[in-house]
Amino acid sequence: MEIWNFTEYNKQTAKELQSFLPGKVFDAHAHPCEKSELDLARIDILNDLPSDVGVAAWREFTSLHVGHGRLKGGLFFGLPLFPEENDLKQSMLSANNFVVSDLKQSGESKSKCLLLVSDVIEPGDIAQHLKQSSVAGFKPYATLNPGCDAFSRIEDFVPSWAFEIANEKRLVITLHIQRHGALSDADNIKDIHRICKAYPKMKLVLAHGGCSFNVYNALDGAKHYTDIDNIYLDTSALCEGMALTHLLKLFPVKKFMWGTDFPISTRHGRFVGLGDFIFSLQNNTAAGGALPDGVKTLHHGIESLRALVYAIKESDLTDSEVEGIFYDNAANLLGI
């Protein structure tokens, strides 16, 4: 347990949250990865992780948060943090190979995975993986497309063939939207409506509640998506209880899936909204400065879980609806 820095404060808080959780949970957003293939300088916490942060490590760590015996499966995909000097295509294909292979070897029969995709690879590069029953769709990122950044529109970094295949095969695309306003951005609103209408059989999961890390983006923007049938939301890494409460008011509960964002969930800290921006508080530092002595911090995964439990309580959900968020909704979406 020491390797995960599971402090007494983490342990106590996790125990309190576990008393609220249903008997089985499914993690809809996790990144098993080969540490040796990552750019460790970009996220400090990665340096402190064990050399193997695959599915087995995910299960060991996440069980500390939700309780042993509760974790029944997950949706896995690579972590897009490759050294800049690497061949991007080869790094992506290697990450996909690792996730598919690691999931198979893990024996996690009630789990699925997504393939990293971008314009640097072609459908033929992933054709064999798409034949695997464990592969449920795609995970695009702006960082995997040369020239794309935080200002990029969705179709700048998601290849059209990914939408077409997802629509044809009724697959999932888990999307980390870009642009400053997240859900409230006018281009994101237009683009998501157009894409979901053009590909109605695709299942579009908005990661991190549509990147609602700044609560006001959710309050201002979420209402614009309630008329779209084929979108869903995972709650991974989202630490704003008010944002989650607002989303639960607007969307059917069957649209929500709990997730951890492992291994990001292992660091102490959380994302914090400031003005109309967000910043990351992690490992007892903020913008390079130390927090005051005596301040106790939690694993990011516990902060996120605590926010979701708060939102569920505020929303007066039934036991069946809670079970849906933590297991049934993901199982239904993925055909498990």
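As shown above, the structure is provided for reference.
Our subject in this report is the structure included herewith. All figures in this text were calculated on a predicted structure; none of them were measured in a lab.

1. Details of the packing of aromatic side chains
- In this structure the tally under the stated criterion is 10 aromatic pairs.
- Centre to centre, the rings of W4 and F262 are 6.3 Å apart; their planes meet at 65°, and the pair counts as edge-to-face. Of this pair, W4 sits in the segment before α1 (8-18) while F262 sits in the loop between β10 (256-257) and β11 (269-274), and the two are 258 residues apart along the sequence. Each member of the pair, W4 as well as F262, carries the same accessibility label: buried.
- An angle of 45° between the planes, with centres 5.9 Å apart, marks the rings of W258 and F326 as tilted. Of the two residues, W258 is situated in the loop between β10 and β11 and F326 in helix α12 (residues 319-334); the sequence distance between them amounts to 68 residues.
- Residue classification places W258 among the buried positions, given a relative accessible area of 4%.
- Since its relative accessible area comes to 1%, F326 is described here as buried.
- Clustering of aromatic rings is evident, with ring pairs tying together W4, F61 and F262.
- Positioned over the ring face of Y141 is K139, at 3.7 Å from the centre of the ring.

2. Details of the pattern of salt bridges
- Scanning the model with the defined rule gives 12 salt bridges in all.
- The closest approach of N and O atoms between D125 and K89, which form a salt bridge, is 3.5 Å. One end of the pair, D125, is in helix α4 (residues 123-130); the other, K89, is in helix α3 (residues 88-106), with 36 residues separating them in the sequence.
- In this structure, R194 and D191 form a salt bridge, with 2.9 Å as the shortest nitrogen-oxygen distance. Of the two residues, R194 and D191 both sit in helix α7 (residues 186-198), three residues apart, roughly one turn of that helix.
- On the accessibility criterion, D191 (0% relative accessible area) is buried.
- Through salt bridges with shared partners, a single ionic network connects R153, E155, R179, D185, D187, K190, D191 and R194.

3. Quick notes on α7
- With 13 residues, α7 should cover 18 Å at 1.5 Å per step; its first-to-last C-alpha distance of 18 Å lies within 8% of that length.
- Those residues of α7 not exposed but buried are D187, N188, I189, D191, I192, I195 and C196.
- Taken together, the buried residues of α7 touch α5 (154-157), α6 (160-169), β8 (203-206) and β9 (231-234).
- Its side-chain oxygen 3.0 Å from the backbone nitrogen of D187, D185 forms the N-cap of α7.

4. A word on the sheet that holds strand β6 (residues 135-140)
- Read from one edge to the other, the open sheet built from eight strands follows the order β1-β4-β5-β6-β7-β8-β9-β10, with strand pairing classed as parallel. Each of the sheet's edge strands pairs with one partner strand only, and the pair in question is β1 (25-30) and β10.
- Here two bridges tie strand β4 (residues 71-76) to strand β5 (residues 112-117), and the two strands are oriented parallel to one another. Bridge pairing in β5 places L75 opposite K112.
- In the packing of α3 onto the sheet, the strands contacted are β4, β5 and β6, and the crossing angle to β5 comes to about 175°.

5. Quick word on the layout of surface pockets
- Taken as a whole, the largest pocket holds about 1,000 Å³ of empty space.
- Considering the residues around the largest pocket, the lining is formed by 35 residues, among which H176, Q178, F213, F271 and I278 are closest to the centre.
- At four residues, the largest contribution of residues to the lining of the largest pocket is made by strand β12 (residues 277-282).
- Among the residues forming the lining of the largest pocket, the class breakdown is 18 nonpolar, 10 polar and seven charged.

6. Description of the side chain of H65
- Looking at where H65 falls in the secondary structure, it is placed in helix α2 (residues 55-66).
- Classification of H65 by relative accessible area gives buried; the value is 5%.
- Apart from the residues within four sequence positions on either side, H65 is in contact with F6, A14, Q18, S265, H299, G301, I302 and L305.

Conventions used here
Residues numbered from 1 in each chain as written. Predicted model: local features only at pLDDT ≥ 70, side-chain atom pairs only at ≥ 80, totals over all residues. Heavy atoms only, no water. Phe/Tyr/Trp six-rings, centres within 6.5 Å; stacked < 30°, edge-to-face > 60°. Helix = DSSP H or I, 4+ residues; strand = E, 2+ residues; numbered from the N terminus. Buried < 20%, exposed > 50% of the residue type's maximum accessible area, 1.4 Å probe, protein only. Lys NZ or Arg CZ within 6 Å of the ring centre and 35° of its normal. Salt bridge = Lys/Arg side-chain N within 4 Å of Asp/Glu carboxyl O. Expected span 1.5 Å × (residues − 1). Contact = heavy atoms within 4.5 Å. Polar contact = N/O pair within 3.5 Å; in protein donor to acceptor, adjacent residues only side chain to side chain. Pairing = 2+ DSSP bridges. Axes fitted to C-alpha atoms, helices over the stretch in contact; angles between N-to-C directions. 1 Å grid on protein atoms, 1.4 Å probe; cavity = no way out; pocket = protein on both sides within 12 Å on 5 of 7 lines; lining within 4 Å. Points joined across faces, edges and corners; volume = space filled by probe spheres on them. Nonpolar A, V, L, I, M, F, W, Y, C, P; charged D, E, K, R; others polar.

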